[in-house]
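Observations on chain architecture
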Amino acid sequence: MIDVRLLRTQPDALRAALARRHSAEVLAQLDRAIVLDGRTRDITARRDATRAEVNELSKQVGQLRRAGDTEGAEVLQKRSRALGDHEQLLDNEHDVLQRELNQLLLRIPNLPHPDAPDGTSDGDNPVIKGPVHLPDSFADHQRVPHWETAAALGILDNERATKISGAMFTMQRGLGATLSRALCQYALDRNADAFEEIRPPSLVTTATLTATGQLPKFADDAFAIERDGLWCIPTAEVPLTSLYAGEVLDAELLPMRLMAYSPSYRREAGSAGRDTRGMLRTHEFDKVEILAVTTPEQGAQMLPELLSRAEALIDGLGLPYRIIEICTGDLGQSHHRSFDIEVYAPGCDAWLEVSSVSWFSDYQARRADLRYKVAGQRGTHVANTLNGSALAVPRVWAAIVENFRRPDGSVAVPAVLHPYMRGAVSIEPRGVASR
RNA sequence: GGAACGGUGGCAGAGCGGACAAAUGCACCCGCCUUGAAAGCGGGAGGCCGCAAGGCCCGGGGGUUCGAAUCCCUCCCGUUCCGCCA
């Protein structure tokens, strides 16, 4: 949520910042919010004044009664009652306005960072680094889609996954399953120097999913467990961001670095039928997320740190990759500034988004009511949050199977994963490990 | 799922229709004392909205009342016991 105070103090700057998202709808929402805020404050002032009168009268009633002046007390009670009715009307009006304003504020997106490149769609996202590790050419044995290689090796069984759970679910087997887990272990171990590992719940409340920005606007993208009022998390960002929701943190604890492995669930409502083969787009996948809670000043430093940590993981695997920056027109609702890491998959002949690193400024923290307090200073401040996929398993898994496929159809396991593969350095047909 | 008891400031905990933003203790901050510290003494200090006046906040929501932390309803959460269970 953007800061309501900006609505009255800097409406023009707000409008200019949001205009960079190139959405007429957003600007219309902003104008409506400014009007609603003005009306809300006006009605609040009138309600408060009436309340103050009622409070004062009630105090006098108490005094008169104690003094034994029943008649006088009853006269004041009558006046107080009438005022109370009026206050009730004002309060109802206030609630209606406030509710409408809140609903609107939950949908107005975050302000883009001044340095975020301008653009209208993903076609305008500039490549800011790379390609790295991209060979001049790929051999024919690398131009095989991972689902074919994986089927031949017996490490992917999507037919049975679909039988069990329906379309867009996957199942890895043998060393394929081990490889998934190895990637998670690798991502966690490489960041354990600075990040506390969390194993969060995978089901969260509506309030929790609202804090990060998925609700109310993107309800269709999430799996809901309606009977219990719970939602499946689309990313560990959701529980991690809300870990300290509603709390006031001591500034000395910041920046706070957290990481978590979790399954991630996505309905992929808008993309049914797309990328349905293999592991490119699935309803459930494994991911390791890294996240930081910071002051606004620390946020600027933390963004490159998270990006370089995510990059180091991909780099360490030896996969061809590049980094793109997200332009203002393609920036997600909650995002202030954002970068994607893409890995090249020669079998699919596609750049796959495998990581997204973002700074949310105070947008999520305000929704989560996540604040910090500086010792010796009055008042509290809204924190900043940042996060990034350290490693999203399925696409990296696919890229490994395609890039490191050998002429004989086997797949070489990147050296950094050897410690997690029970000795396997290669995946051979029928999922049998060669040693 | 059933029963009982709870939910008050950073923590513990009193208050149970009016003078309550709320006792008290611990923790915290600033002085004094001390070579330094502890102890002791004195003082300070919650959050949110508002330019301010003022208003709001005792788990959430609703109700009763001139007036609610206090009474009623409802939901949520916690603890313990029972049931079920990896």
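Bear in mind that the values here come from a model prediction, so they are computed numbers and not experimental data. (Residues numbered from 1 in each chain as written. Chains lettered and ligands numbered in written order. Predicted model: local features only at pLDDT ≥ 70, side-chain atom pairs only at ≥ 80, totals over all residues. Heavy atoms only, no water.)

What about unusual backbone geometry?
The test is simple: Put simply, DSSP marks the helices as runs of H or I at least four residues long and the strands as runs of E at least two long, and each gets a number from the N terminus on. Each residue's exposure class comes from its accessible area (1.4 Å probe, protein chains only) as a fraction of the maximum for that residue type: buried when under 20%, exposed when over 50%, partly exposed otherwise.
Of note, the bond from glycine 130 into proline 131 is cis; its omega dihedral lies within 30 degrees of zero at 0°. For the peptide bond that leads from leucine 215 to proline 216, omega is 5°, which places it in the cis range. In this fold, proline 216 is placed in the loop between α8 (206-211) and β4 (224-225). Of note, the phi angle at serine 361 is positive, near 45°, even though the residue is not glycine. A positive phi is found at arginine 422, a non-glycine position, where the angle reads about 55°. If you trace the backbone, arginine 422 turns up in the loop between β15 (411-412) and β16 (426-427). A residue is classified by how much of its surface remains accessible, and arginine 422, at 58% relative accessible area, is exposed.

Considering the side chain of glutamate 342
Counted only if it meets this: Any pair of nitrogen or oxygen atoms within 3.5 Å is treated as a polar contact; in protein, a donor-acceptor pairing is required on top of that, and neighbouring residues in sequence qualify only through side-chain atoms on both sides. Throughout, a contact is declared for two residues whenever any of their heavy atoms are within 4.5 Å.
Tracing the sequence through the fold places glutamate 342 in strand β10 (residues 337-345). Its relative accessible area of 12% is what places glutamate 342 among the buried residues. Among the polar contacts listed, one links the side chain of glutamate 342 to the side chain of arginine 322, at a separation of 2.8 Å. If we skip the residues at most four places from it in the chain, glutamate 342 touches Pro320, Tyr321, Arg322, Ile324, Trp351, Leu352 and Glu353.

Structural notes on the protein's contact with RNA strand B
Worth spelling out the cut-off: Think of it this way: one heavy atom of a residue within 4 Å of a molecule or strand is enough to make that residue near it.
Residues in close proximity to RNA strand B total 17 residues, the closest being Arg8, Asp48, Ser80, Arg81 and Thr380. Counting only the atoms of RNA strand B within 4 Å of the protein, the fraction contributed by sugar and phosphate is 72%. In this structure, a phosphate oxygen belonging to RNA strand B sits 2.5 Å away from a side-chain N or O atom of threonine 380. Among the elements of the structure, α1 (4-9), α3 (24-66), α4 (70-105) and β12 (371-373) are those that each provide at least two residues to the surface near RNA strand B. With eight residues, α3 is the largest single contributor of residues to the surface near RNA strand B.

Let's talk about the domain arrangement of chain A
Put simply, the rule is: Delimitation of the domains relies on an automatic or database domain assignment. Once two parts are put together, the accessible area they lose, assessed with a 1.4 Å probe and summed over both, is termed the buried area. What makes a salt bridge here is a side-chain nitrogen of Lys or Arg within 4 Å of a carboxyl oxygen of Asp or Glu, nothing more.
Here chain A is described as being made up of domain 1 (5-107) and domain 2 (122-427). Taking the mean C-alpha position of each, domain 1 and domain 2 sit 43 Å from one another. Listed by partner, the interface residues are seven residues for domain 1 and eleven residues for domain 2. Counting each side, the surface lost to burial between domain 1 and domain 2 is near 780 Å², with a carbon and sulfur contribution of 45%. At the surface where domain 1 touches domain 2, the tally comes to zero salt bridges.

Regarding the side chain of glutamine 214
Take glutamine 214: it is sitting in the loop between α8 and β4. The residues touching glutamine 214, leaving out its near neighbours within four places in the chain, are Leu209, Ala219, Pro234, Thr235, Glu237 and Val238.

A few points about the pattern of salt bridges
Per the counting criterion, the structure on display carries 26 salt bridges. Arginine 337 is paired through a salt bridge with glutamate 325; the nearest N and O atoms lie 2.8 Å apart. Placement of arginine 337 in strand β10 and of glutamate 325 in strand β9 (residues 321-325) is noted, with a sequence separation of twelve residues between them. Aspartate 369 is the partner of arginine 371 in a salt bridge, and the nearest nitrogen-oxygen pair spans 3.0 Å. In this structure arginine 371 comes out as partly exposed when scored by relative accessible area, which is 26%. Connected through shared salt-bridge partners, Arg47, Asp48, Arg51, Glu87 and Asp91 make up one network.

Observations concerning the packing of aromatic side chains
We count it as follows: Any pair of Phe, Tyr and Trp rings, taking the six-membered ring for Trp, is counted once the centres come within 6.5 Å. Such a pair is stacked with planes under 30 degrees apart, edge-to-face with planes over 60 apart, and tilted for the rest.
Here the structure, examined in full by the defined rule, presents two aromatic pairs. Ring geometry for phenylalanine 138 and tyrosine 344: centres 5.3 Å apart, planes at 40°, overall tilted. Taken together, the positions of phenylalanine 138 in the loop between β1 (127-132) and α5 (146-153) and tyrosine 344 in strand β10 put the pair 206 residues apart, joining distant regions of the chain. These aromatic residues form a ring-pair network of at least three members: Phe138, Tyr344 and Trp351.

Some words on the sheet that holds strand β3 (residues 203-205)
Backbone-to-backbone hydrogen bonds pair the strands of a sheet. The strands run either parallel or antiparallel. Rules: In this analysis, strands are considered paired if DSSP registers two or more bridges between them.
Pairing is antiparallel across the open sheet formed by three strands, whose spatial order is β3-β5-β4. Looking at strand neighbours, the two that pair on one side only are β3 and β4, the edges of this open sheet. By the bridge criterion, two bridges tie β4 to strand β5 (residues 230-232) in an arrangement that is antiparallel. What sits directly across from alanine 224, in β5, is tryptophan 231.

Quick word on the pairing of β10
The buried count for β10 comes to nine of nine residues, which makes it a mostly enclosed element. Judged from the five bridges that link them, β9 and β10 form a sheet pairing that is antiparallel. Residue arginine 322 lies in a different strand from β10, and its bridge partner there is glutamate 342. Where β10 lies against strand β11 (residues 350-359), nine bridges are found, and the strand directions are antiparallel. Bridging from a neighbouring strand, glutamate 342 pairs with glutamate 353 of β11. With antiparallel pairing between neighbouring strands as the criterion, β10 and β11 make up a hairpin whose turn holds four residues, including aspartate 349 at a positive phi of roughly 50°.

Section: the environment of valine 416
Relative to the elements of secondary structure, valine 416 occurs in the loop between β15 and β16. The residues touching valine 416, leaving out its near neighbours within four places in the chain, are Tyr186, Arg190, Gly316 and Leu317.

Details of helix α2 (residues 11-19)
Rules: It is the directions from the helix axis to the C-beta atoms whose arc is reported.
Among the residues of α2, those classed as buried are Leu14, Ala17 and Leu18. For α2, the arc enclosing every buried residue in end-on projection is 95°, short of the 170-degree limit, so these residues lie on one face.

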